[in-house]
Structure formats: C-alpha cells, structure tokens
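Analysis of the macromolecular model
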Amino acid sequence: MSDPDENTVRDAGFDDWLDAAEDGEAYYLECPEGHTSLPPRRLCPECGSTDLTEQPLPDTGEIATFTVTHVPTPAFEDDAPYATAIVDFGPIRVTGQVVDHDPDEVETGQTVALEISRSETTDERVIGFTSV
C-alpha cells in the first residue's frame, strides 16, 4: 500500500481504493442482488443492502463512450486537452482519463487497462486508462 504523506488529507474509502489499484488489486463492490459499485460505499445504491463484498476488477475493459475536453476547469488546466472515458469492465463501468493516447485518437470499443496516474495540474492521483 502507498504511504500517505503525514500532511496529506485522505478521502477514506476512495484513497484506499486508489492504493489497492496502484498495487494491482483494484476491486468493485457487489451486493447479494448482483448490483455493483465502486468504493466508498456502505450500502448498495440500487437496493440499499449493507452486505457488500469486494470482487476483483477485471484486468481490461472496453471504452463505452468518451469525450474530449479542450477547455478544462482550473483544476485540470495543464492536463488539457484530455479524453475522459467510461470503460465497461463487465460487471461495472469506471470513469477516468485516457492517459497514453492523443485525445483525438481515442475510440469507442478500444481495449484499455486501469492505471492510477497523476494530474499534470495538481499532481493528485486520478483514475486513468492505458491502451492494451
């Protein structure tokens, strides 16, 4: 697991998930009804069940849709232009930035893998995807 800097404020649940993903152990949560979500969650957003189990996130997914941002918010001004994609990993979809491609070359259907990367603007960790 990553060692947080003592002055860094952690987002409980989400930062733990980012740590796991960086260590190659990304997961999603699943309730007994088969509904899925990403942490942090204490209950299923679909049915309200509190019985959530961690399931391993598949190694690769497929870009279901994406958009290219040319004029970002100040929090991502040095990252632009960039592509934000929704990637279908089978049981769950994950949103993040496509980090290893020119945004104009990103395509729906492209196979990608999860990679935790850093924002060029803030140096904070972001969910990223790389081509496989």
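Residues numbered from 1 in each chain as written. Predicted model: local features only at pLDDT ≥ 70, side-chain atom pairs only at ≥ 80, totals over all residues. Heavy atoms only, no water.

1. Notes on the pattern of salt bridges
This model, assessed by the stated rule, comprises six salt bridges. Linking R125 and E22 is a salt bridge whose minimum nitrogen-to-oxygen distance equals 2.8 Å. A residue pair is termed long-range when its members are at least 10 positions apart, and R125 in strand β8 (residues 125-131) and E22 in helix α1 (residues 14-22) qualify at 103 residues. The class for E22 is partly exposed, based on a relative accessible area of 36%. One network of salt bridges, with partners in common, ties together R10, D15, D16, D19, E22 and R125. (Salt bridge = Lys/Arg side-chain N within 4 Å of Asp/Glu carboxyl O. Helix = DSSP H or I, 4+ residues; strand = E, 2+ residues; numbered from the N terminus. Buried < 20%, exposed > 50% of the residue type's maximum accessible area, 1.4 Å probe, protein only.)

2. Considerations on the sheet that holds strand β2 (residues 36-37)
Here we have three strands laid out as an open sheet, ordered β2-β1-β3, and antiparallel in their pairing. The open sheet terminates on both sides in strands that have one partner only, identified here as β2 and β3 (53-56). Across four bridges, the pairing between strand β1 (residues 27-30) and β3 is antiparallel. The residue bridging L29 from the neighbouring strand is E54, located in β3. (Pairing = 2+ DSSP bridges.)

3. A word on the sheet that holds strand β6 (residues 93-98)
Sheet architecture is closed into a barrel: five strands sit in the order β4-β5-β6-β8-β7, paired in mixed fashion. Looking at each pair of strands side by side, their axes are set apart by 45 degrees on average, direction ignored. The pairing of strand β4 (residues 60-69) with strand β7 (residues 111-118) spans three bridges and is classified as antiparallel. Residue G61 lies in a different strand from β7, and its bridge partner there is V112. Contacting β7 and β8, α1 runs over the sheet at an angle of about 35 degrees to β8. (Axes fitted to C-alpha atoms, helices over the stretch in contact; angles between N-to-C directions. Contact = heavy atoms within 4.5 Å.)

4. Quick notes on the packing of aromatic side chains
Tallying each qualifying case throughout the model produces three aromatic pairs. The interplanar angle of 15 degrees and the centroid separation of 6.5 Å between the aromatic rings of F14 and W17 together place this pair among those described as stacked. Taken together, the residues span about one helical turn, with F14 and W17 both in helix α1 at a distance of three residues. On the basis of relative accessibility, which here comes to 0%, the residue W17 falls in the buried class. (Phe/Tyr/Trp six-rings, centres within 6.5 Å; stacked < 30°, edge-to-face > 60°.)

5. Quick notes on the domain arrangement of the protein chain
In terms of domains, the protein chain is made up of domain 1 (7-57) and domain 2 (58-132). For domain 1 and domain 2, the distance between their C-alpha centres works out to 20 Å. Interface area for domain 1 against domain 2, summed over the two sides, is near 1,100 Å², with a carbon-plus-sulfur share of 70%. Broken down residue by residue, the surface that domain 1 buries against domain 2 is led by L18, E22 and L57, which jointly contribute 49%. Counting across the interface, domain 1 meets domain 2 through three salt bridges. Joining domain 1 to domain 2, the criterion identifies four residue pairs in polar contact (both at pLDDT 80 or more). Within the residue set of the side of domain 1 that touches domain 2, elements represented by two or more residues are α1 and β2. (Domains from an automatic or database assignment. Buried area = accessible area lost by both parts, 1.4 Å probe. Polar contact = N/O pair within 3.5 Å; in protein donor to acceptor, adjacent residues only side chain to side chain.)

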